[in-house]
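Commentary on secondary and tertiary structure
Listed here are the chains, written in short residue letters.
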Amino acid sequence: GGGFVLNDVWLFDTRTAAWTMLLPHTAQAADASVRPDGRFGHSAITHNSSSELFIFGGYADDNILNDVLSFSVRTRQWTRHECAGASPSPRYGHAACRVAESMYVFGGRSVG
């Protein structure tokens, strides 16, 4: 046991093999309405044309999630997205990939 779930953001430079912390872990972020709580088991994809990293779902604070957030590499700000239509059930441990302008989510674990 022990440990805690993190919400920090790190950048790995593939040219220099160096890590840089972009946002430190915060237990109670000042921008908590946008910045996600610590989570695990989520998926992440890149969106090259907008320089954004999208995350979906995961497990946080005894909750299984199905939210979508993006992190702007340029501004280092989070955005929470309101989704239209039917959404995947809350899940963690799933896989995701990007094809063109779409995110595909497969599998994972849900409640029950």
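The structure reproduced in this document is the subject of the present report. (Residues numbered from 1 in each chain as written. Predicted model: local features only at pLDDT ≥ 70, side-chain atom pairs only at ≥ 80, totals over all residues. Heavy atoms only, no water.)

1. A few points about the pairing of strand β2 (residues 18-23)
Bridge count for strand β1 (residues 9-13) against β2 is five bridges, and the pairing is antiparallel. Following the sheet pairing, F12 is matched in β2 by W19. Linking two consecutive strands that pair antiparallel, namely β1 and β2, is a turn of four residues; a positive phi of about 60° is found at A17 within it. (Pairing = 2+ DSSP bridges. Helix = DSSP H or I, 4+ residues; strand = E, 2+ residues; numbered from the N terminus.)

2. Side note on the pattern of salt bridges
The full count for this structure, using the stated rule, is three salt bridges. Its salt-bridge partner being R15, residue D13 comes within 3.3 Å of it at the nearest N-O pair. In this structure, D67 and R39 form a salt bridge, with 2.9 Å as the shortest nitrogen-oxygen distance. Placement of D67 in strand β5 (residues 63-72) and of R39 in the loop between β2 and β3 (43-47) is noted, with a sequence separation of 28 residues between them. Taking the relative accessible area as the measure of exposure, D67 reaches 17% and is therefore buried. (Salt bridge = Lys/Arg side-chain N within 4 Å of Asp/Glu carboxyl O. Buried < 20%, exposed > 50% of the residue type's maximum accessible area, 1.4 Å probe, protein only.)

3. Some remarks on the nonpolar core
Residues V9, L22, L23, I55, L69, F71 and W78 constitute the largest nonpolar core, which totals seven residues. Residues contacting L22, with those up to four places away along its chain left out, are V9, W10, L11, F71 and R76. (Core = buried A, V, L, I, M, F, W, Y, C linked by side-chain atoms within 4.5 Å. Contact = heavy atoms within 4.5 Å.)

4. Remarks on unusual backbone geometry
Phi at D61 takes a positive value of approximately 50°, unusual for a residue other than glycine. If you trace the backbone, D61 turns up in the loop between β4 (52-60) and β5. Not every positive phi belongs to a glycine, and R76 is a case in point at roughly 60°. Relative to the elements of secondary structure, R76 occurs in the loop between β5 and β6 (78-81). Among the residues examined, R76 registers a relative accessible area of 40% and is labelled partly exposed.

5. Observations concerning the packing of aromatic side chains
According to the stated counting rule, one finds six aromatic pairs in the structure shown. Here F40 and Y59 contribute two aromatic rings whose centre-to-centre distance is 5.3 Å and whose plane-to-plane angle is 45°, an arrangement assigned as tilted. With a gap of 19 residues between them, F40 in the loop between β2 and β3 and Y59 in strand β4 connect regions that are remote in the sequence. Between F71 and W78 the ring centres are 5.1 Å apart and the planes differ by 50°, which places this aromatic pair in the tilted class. For the pair shown, F71 and W78 are each scored as buried. Ring pairing ties together the aromatic residues W10, F12 and W19, which thus form one cluster. (Phe/Tyr/Trp six-rings, centres within 6.5 Å; stacked < 30°, edge-to-face > 60°.)

6. A few points about the environment of H81
Inspection of the secondary structure puts H81 in strand β6. Overall, the relative accessible area of 29% leaves H81 in the partly exposed class. With 14 residues separating them in the primary sequence, H81 and D67 have C-alpha atoms 7.7 Å apart. Apart from the residues lying within four places of it in its own chain, the contact partners of H81 are F54, V68, L69 and S70. One polar contact links H81 to S70, side chain to side chain, over a distance of 2.7 Å. (Polar contact = N/O pair within 3.5 Å; in protein donor to acceptor, adjacent residues only side chain to side chain.)

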